[in-house]
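# Close look at the chain arrangement
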Amino acid sequence: MATRGRPRFPQVSARVLRPNGRGLEVRRLPRGEDRAGRGAAPGSVEQSGTGDDFSATKDPTAVERANLLNMAKLSIKGLIESALSFGRTLDSDYPPLQQFFVVMEHCLKHGLKVRKSFLSYNKTIWGPLELVEKLYPEAEEIGASVRDLPGLKTPLGRARAWLRLALMQKKMADYLRCLIIQRDLLSEFYEYHALMMEEEGAVIVGLLVGLNVIDANLCVKGEDLDSQVGVIDFSMYLKNEEDIGNKERNVQIAAILDQKNYVEELNRQLNSTVSSLHSRVDSLEKSNTKLIEELAIAKNNIIKLQEENHQLRSENKLILMKTQQHLEVTKVDVETELQTYKHSRQGLDEMYNEARRQLRDESQLRQEVENELAVQVSMKHEIELAMKLLEKDIHEKQDTLIGLRQQLEEVKAINIEMYQKLQGSEDGLKEKSEIIAQLEEKTNKITAAMRQLEQRSKLKIEDIKEANKALQGLVWLKDKEATHCKLCEKEFSLSKRKHHCRNCGEIFCNACSDNELPLPSSPKPVRVCDSCHALLIQRCSSNLP
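Keep in mind it's a predicted model, so treat the numbers as computed, not measured. (Residues numbered from 1 in each chain as written. Predicted model: local features only at pLDDT ≥ 70, side-chain atom pairs only at ≥ 80, totals over all residues. Heavy atoms only, no water.)

### Digging into the overall build of the protein chain
- Along the backbone of the protein chain there are 17 helices and 8 strands.
- Expressed as a percentage of the 545 residues in the protein chain, the buried residues total 31%.
- Sequence separation of at least 24 residues holds for 63% of the intrachain contacts in the protein chain that already meet a minimum separation of 6. (Helix = DSSP H or I, 4+ residues; strand = E, 2+ residues; numbered from the N terminus. Buried < 20%, exposed > 50% of the residue type's maximum accessible area, 1.4 Å probe, protein only. Contact = heavy atoms within 4.5 Å.)

### Some details on unusual backbone geometry
- Although it is not a glycine, Lys 170 sits at a positive phi angle of roughly 60 degrees.
- Relative to the helices and strands, Lys 170 is located in the loop between helix 7 (155–169) and helix 8 (172–181).
- Given the relative accessible area of 30%, Lys 170 is considered partly exposed.
- Positive phi outside glycine occurs at Glu 489, with the angle close to 60 degrees.
- Checked against the element boundaries, Glu 489 lands in the loop between helix 16 (443–473) and strand 5 (499–500).
- A relative accessible area of 61% means that Glu 489 is categorised as exposed.

### Concerning helix 10 (residues 199–208)
- Taking burial as the measure, the 10 residues of helix 10 include 10 buried ones, the bulk of the element.
- Within the sequence span of helix 10, burial applies to Glu 199, Glu 200, Gly 201, Ala 202, Val 203, Ile 204, Val 205, Gly 206, Leu 207 and Leu 208.

### Some words on the packing of aromatic side chains
- Taken as a whole and assessed by the stated rule, the structure comprises 3 aromatic pairs.
- Look at Phe 100 and Phe 101: their rings are 5.5 Å apart centre to centre, the planes differ by 55 degrees, and that puts the pair in the tilted class. A single burial state applies to Phe 100 and to Phe 101, both of which are buried.
- Note on Trp 162 and Tyr 175: the rings are 5.7 Å apart at their centroids and 45 degrees apart in plane angle, and the pair reads as tilted. Of the two residues, Trp 162 is situated in helix 7 and Tyr 175 in helix 8; the sequence distance between them amounts to 13 residues. (Phe/Tyr/Trp six-rings, centres within 6.5 Å; stacked < 30°, edge-to-face > 60°.)

### A short note on the nonpolar core
- Counting residues in hydrophobic clusters, the biggest one holds 66 residues, and the most contacted among them are Leu 97, Phe 100, Trp 162, Met 172, Tyr 190, Leu 208 and Leu 211.
- Broken down by element, this core gets its largest block of residues, 9 residues, from helix 2 (residues 60–86).
- Not counting residues within four places of it along the chain, the set of residues in contact with Trp 162 comprises Trp 126, Leu 129, Val 132, Ile 142, Val 146 and Tyr 175.
- Of all hydrophobic cores here, the second largest spans 16 residues; its members include Phe 508, Cys 512, Leu 519 and Cys 532. (Core = buried A, V, L, I, M, F, W, Y, C linked by side-chain atoms within 4.5 Å.)

### Some points on the environment of Glu 368
- With respect to the helices, strands and loops of the structure, Glu 368 is situated in helix 13 (residues 362–392).
- With near-sequence residues (within four places) excluded, Glu 368 lies in contact with Arg 360 and Met 450.

### Quick look at the packing of helix 8 against helix 10
- It is at 8 Å that the axes of helix 8 and helix 10 come closest, and there the two elements cross at 160 degrees. Put simply, helix 8 runs roughly antiparallel to helix 10. Between helix 8 and helix 10 lies a crossing of left-handed hand. On helix 10, the residues that touch Met 172, Ala 173, Leu 176, Arg 177 and Ile 180 of helix 8 are Gly 201, Ala 202, Val 205 and Leu 208. (Axes fitted to C-alpha atoms, helices over the stretch in contact; angles between N-to-C directions. Parallel < 35°, antiparallel > 145°, perpendicular 65-115°, else oblique. Left-handed = near helix turned anticlockwise from the far one by under 90°.)

### So, helix 7
- Along its 15 residues, helix 7 runs 21 Å from first to last C-alpha, staying within 8% of the 21 Å computed at 1.5 Å per residue.
- Among the residues making up helix 7, those that are buried are Gly 157, Ala 159, Arg 160, Ala 161, Trp 162, Leu 163, Arg 164, Leu 165, Ala 166 and Leu 167.
- Summarising the contacts, the buried residues of helix 7 are in contact with helix 3 (95–109), helix 4 (126–130), helix 5 (132–135), helix 6 (140–148) and helix 8. (Expected span 1.5 Å × (residues − 1).)

### Let's talk about the packing of helix 6 against helix 7
- Interhelical geometry of helix 6 versus helix 7 gives an angle of 135 degrees and a closest axis separation of 10 Å. Viewed along their axes, helix 6 and helix 7 adopt a mutual orientation that is oblique. Like other packed secondary-structure pairs, helix 6 and helix 7 cross with a definite hand, here right-handed. Between helix 6 and helix 7, the residues in contact are Ile 142, Ser 145 and Val 146 and Arg 158, Ala 161, Trp 162, Leu 165, Ala 166 and Gln 169, respectively.
- Considered class by class, the residues forming the contact of helix 6 with helix 7 number 6 nonpolar, 2 polar and 1 charged. (Nonpolar A, V, L, I, M, F, W, Y, C, P; charged D, E, K, R; others polar.)

### Brief notes about the pattern of salt bridges
- According to the stated counting rule, one finds 11 salt bridges in the structure shown.
- Here Lys 77 ties to Glu 81 by a salt bridge, and the two come within 2.4 Å at their closest N and O atoms. With a gap of 4 residues between them, Lys 77 and Glu 81 both fall in helix 2, about one helical turn apart.
- Using a relative accessible area of 13% as the deciding quantity, one classes Lys 77 as buried.
- The salt bridge partner of Asp 174 is Arg 177, with a shortest N-O separation of 2.8 Å. Of the two residues, Asp 174 and Arg 177 both sit in helix 8, 3 residues apart, roughly one turn of that helix.
- Here the salt bridges do not stand alone but share partners, grouping Glu 105, Lys 109 and Arg 160 into one network. (Salt bridge = Lys/Arg side-chain N within 4 Å of Asp/Glu carboxyl O.)

### Let's talk about the side chain of Glu 105
- Locating Glu 105 in the fold gives a position in helix 3.
- Relative accessible area serves as the criterion here: at 6%, Glu 105 is assigned to the buried category.
- At a separation of 3.0 Å, a polar atom in the side chain of Glu 105 contacts the side chain of Lys 109.
- Apart from the residues lying within four places of it in its own chain, the contact partners of Glu 105 are Ile 125, Leu 156 and Arg 160. (Polar contact = N/O pair within 3.5 Å; in protein donor to acceptor, adjacent residues only side chain to side chain.)

Structure, rendered in structure tokens:
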């Protein structure tokens, strides 16, 4: 018992939240354990509520926890009693409410680890409060609101704003309950002996449930929370012995009301939890049935897709076989058409040179064939080089292919016409017999001329070899390197396109390269520039008789 006339704390009953493996178990402290408010002045050594009196008197941190727990009990109890007697919504200027936030700030700061940075040491309660967002999804809104406040510059100011918003939401007990359960996460911010790490933290969280009966309207946006000094005013909690005797009955009534409010609030939370669980179960059942149906549909789709895949593979094999057969048939047709073209060309040459072939001897024909074969062998390598260059010019190759097809059609038409003419030429054989007689007279002259032509042919072969050597040293100019015509020096554009000269390899416009001549590297006429055309014509004219 305390001496007469000495101030003492009033008796406070508390609810304790103990971890039981599945969450927090709510327990009411008996009157014998709640002796912290009786017969002791502020700052004296009190019992910590854990049952270890000897360690509480010896351990300074246990004494600090017990003192903070007692102050939290007094602050919460005084706030609830004054708010119920006040009878209306509390604002920021209400003194018991201000002292409650100061006490909560001291409780959260107890045992807080110091975080080192490059410039200073940081010790703030904003870190563990910010962790609540990850543990309680409904707290994301309050965290975003605090970070969006324009006047807050320090982490301590954000933590004070967070406590005020949590009180207005009546969710402070729920938020801190989720936090104290996660001891492994709190160990990153608090020492092992901190209030939030011990049983006193669970007791304070249980006391905070009674604050749900209070309605508060706090203006956080315009309040300077960064520079406030958190000092506990003990004069609000010091009572005389006479006042305590008059208010014991009120204290008991308030405790009963607290229990009633707590039970009602707990019942409301349980009802909301049950309803949410029922709705979640219904939604899960619906989603499960939908998933089962979707799974059956997906299995059917997979079976259909596998059948379609097998069918497509078989069709792909058939298409591949048909394509190969078609390619082989097309290749045979192209070869036959090419042979027909060669035979028709040869037949036309024979028709035009029939008189001269009859006058030649077999030895001369054989010699010409051998010479021609040697020329073809020498030209084979040059043709391969030319084909590599022709592969780069896809558009010209397509044009050439179209031209060849047109020429093939023309040759076919000419063959048909020549065949018809050949049938009609039987009548003119008699006339040609007379011409043959005249040609026999000219045979001697032709033989002499043939000797001269053979000599000139040798000279042409040497010229061709020299031209081939010159062609091997040429460099095929790239399209990107040429911007102007080599002759007229006009800039290339969409209307003025680029064309390679097959003789010198330079790039010219269409007007300066619209000539075609057969080259040693290509028996067919190809595009050459004006300068190469004039040079080649001059060489050919110099070799003629």
